[in-house]
Amino acid sequence: MLNEKIIELLNDQVNKEFYSAYLYLDMANYYIDNDLDGFGNWFNIQAQEERDHAMLFIKYLQNNGAKVELKAIDKPNEEFNKFADPLEVSYDHEQYVTSLINNIYDVAYTVKDFRTMQFLDWFIKEQGEEEANASGLVKKYKLFGEDPKSLYLLNQELASRTYSAPTLVLD
Ligand code: FEO
């Protein structure tokens, strides 16, 4: 049986991952409303990945006989005034998510919950990739986003992103 604090933190993380999906969906909608469908595609796929993350936390709780508690998902209320805004918010958000995962890992370490530490290893690596992707987009936009032709090409590049299921599979 998992430690009570770990169960609470994992349930909180389910909520945070679904919130992340909501946040990215909101960003996708903002870009689609502004005719940047490629950016919209990138964030729609990002939202799908966040739903996958939430489902992995749910499955892990269930596999360990812990009760899943679904909490209300906050409304995303970021204001986007220019095309660069969602990119900056997304990078900040991924750094925040990394801090949440690190905190669960820290508590698991303290209570010697090696199973949860091993489960979280995948997310530690994933967060490294998520941060690198988000930061990469911020940099690309700074370089190319202000020029309409370059923005057009960047939008096309982001339109080519395709979804792939997470490499972590829980039976
Ligand atoms: Fe689920 Fe983008 O971290």
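Up top is the structure.
Residues numbered from 1 in each chain as written. Predicted model: local features only at pLDDT ≥ 70, side-chain atom pairs only at ≥ 80, totals over all residues. Heavy atoms only, no water.

Novice: Quick rundown of the overall build of the protein chain? Include the residues and the values.
Specialist: A tally of helices and strands in the protein chain yields 5 helices and 0 strands. The linear arrangement of helices and strands in the protein chain, starting from the amino end, is α-α-α-α-α. Expressed as lengths along the three principal axes of its C-alpha atoms, the size of the protein chain is roughly 55 × 25 × 25 Å. Taking all 171 residues of the protein chain together, the buried fraction comes to 47%. Put simply, the protein chain has 16 plus and 30 minus side-chain charges, and the middle of one group is 3 Å from the middle of the other. (Helix = DSSP H or I, 4+ residues; strand = E, 2+ residues; numbered from the N terminus. Buried < 20%, exposed > 50% of the residue type's maximum accessible area, 1.4 Å probe, protein only. Lys, Arg positive; Asp, Glu negative; His and termini not counted. Charge placed at Lys NZ, Arg CZ, Asp CG, Glu CD.)

Novice: How would you explain helix α5 (residues 148–159) if you had to name every residue and give the values?
Specialist: The end-to-end C-alpha separation of α5 is 16 Å, in line with the 16 Å expected for 12 residues at 1.5 Å each. Within the span of α5, buried status applies to L151, L154, N155 and L158. Buried residues in α5, looked at end-on, bunch into an arc of 105 degrees, giving them a common side. Turned more than 90 degrees away from the buried face of α5, the exposed residues are K149, Y152 and L153. (Expected span 1.5 Å × (residues − 1). Arc of directions from axis to C-beta.)

Novice: Quick one: what's the story with the pattern of salt bridges, residue by residue and with numbers?
Specialist: Applying the stated rule across the entire model yields 6 salt bridges. A salt bridge links E157 to K140; the shortest N-O distance between them is 2.4 Å. In this pair, E157 sits in helix α5 while K140 sits in helix α4 (residues 114–144), placing the two residues 17 residues apart along the sequence. A relative accessible area of 40% places E157 in the partly exposed class. On the accessibility criterion, K140 (31% relative accessible area) is partly exposed. (Salt bridge = Lys/Arg side-chain N within 4 Å of Asp/Glu carboxyl O.)

Novice: Residues and numbers for the packing of aromatic side chains, please.
Specialist: What the rule picks out here adds up to 12 aromatic pairs. On the numbers, 5.3 Å between centres and 55 degrees between planes, the contact of Y30 with F80 is tilted. Highlighted residues: Y30 in helix α1 (residues 4–33) and F80 in the loop between α2 (37–63) and α3 (84–110), separated in sequence by 50 residues. Between Y31 and F39, the aromatic rings sit 4.9 Å apart at their centres with planes inclined by 40 degrees, giving tilted as the arrangement. With respect to burial, Y31 and F39 carry one shared label: buried. Grouped by ring-pair contacts, the aromatic residues Y24, Y30, Y31, F39, W42, F43, F80 and F83 constitute a single cluster. Here R161 stacks its cationic end above the ring of W42, 4.3 Å away from the centre of that ring. (Phe/Tyr/Trp six-rings, centres within 6.5 Å; stacked < 30°, edge-to-face > 60°. Lys NZ or Arg CZ within 6 Å of the ring centre and 35° of its normal.)

Novice: A description of the environment of I101 should follow, citing residues and the corresponding values.
Specialist: As for its position among the elements, I101 is in helix α3. C-alpha of I101 to C-alpha of D121: the two residues are 20 residues apart in sequence and 9.6 Å apart in space. Leaving out residues up to four positions away in the same chain, I101 has contacts with Q13, E17, F57, L120, F123, I124 and Q127. (Contact = heavy atoms within 4.5 Å.)

Novice: Just give me the short version of the nonpolar core, but keep the residues and values in it.
Specialist: Membership of the largest hydrophobic core comes to 25 residues, with the highest contact counts inside it found for L10, F57, F119, L120 and F123. Those residues in contact with F57 that sit more than four places away from it in its chain are L10, Q13, V14, E17, I101, F119, L120 and F123. Among the nonpolar cores identified, the runner-up in size contains 23 residues, and Y24, L87, V138 and L151 belong to it. (Core = buried A, V, L, I, M, F, W, Y, C linked by side-chain atoms within 4.5 Å.)

Novice: Tell me about the side chain of D52, and name the residues and values.
Specialist: Here D52 shows up in helix α2. The contact partners of D52, leaving out residues within four places of it in the chain, are Y163 and P166.

Novice: How would you explain the packing of α3 against α4 if you had to name every residue and give the values?
Specialist: Between two packed helices, the angle of one axis relative to the other and the distance separating the axes together describe the packing. Where α3 meets α4, the axes come as close as 9 Å, and the angle between the chain directions of the two elements is 160 degrees. With respect to α4, the axis of α3 lies roughly antiparallel. In this structure, α3 meets α4 at a crossing whose hand is left-handed. The residue inventory of the contact of α3 with α4, partitioned by class, reads 17 nonpolar, 7 polar and 6 charged. (Axes fitted to C-alpha atoms, helices over the stretch in contact; angles between N-to-C directions. Parallel < 35°, antiparallel > 145°, perpendicular 65-115°, else oblique. Left-handed = near helix turned anticlockwise from the far one by under 90°. Nonpolar A, V, L, I, M, F, W, Y, C, P; charged D, E, K, R; others polar.)

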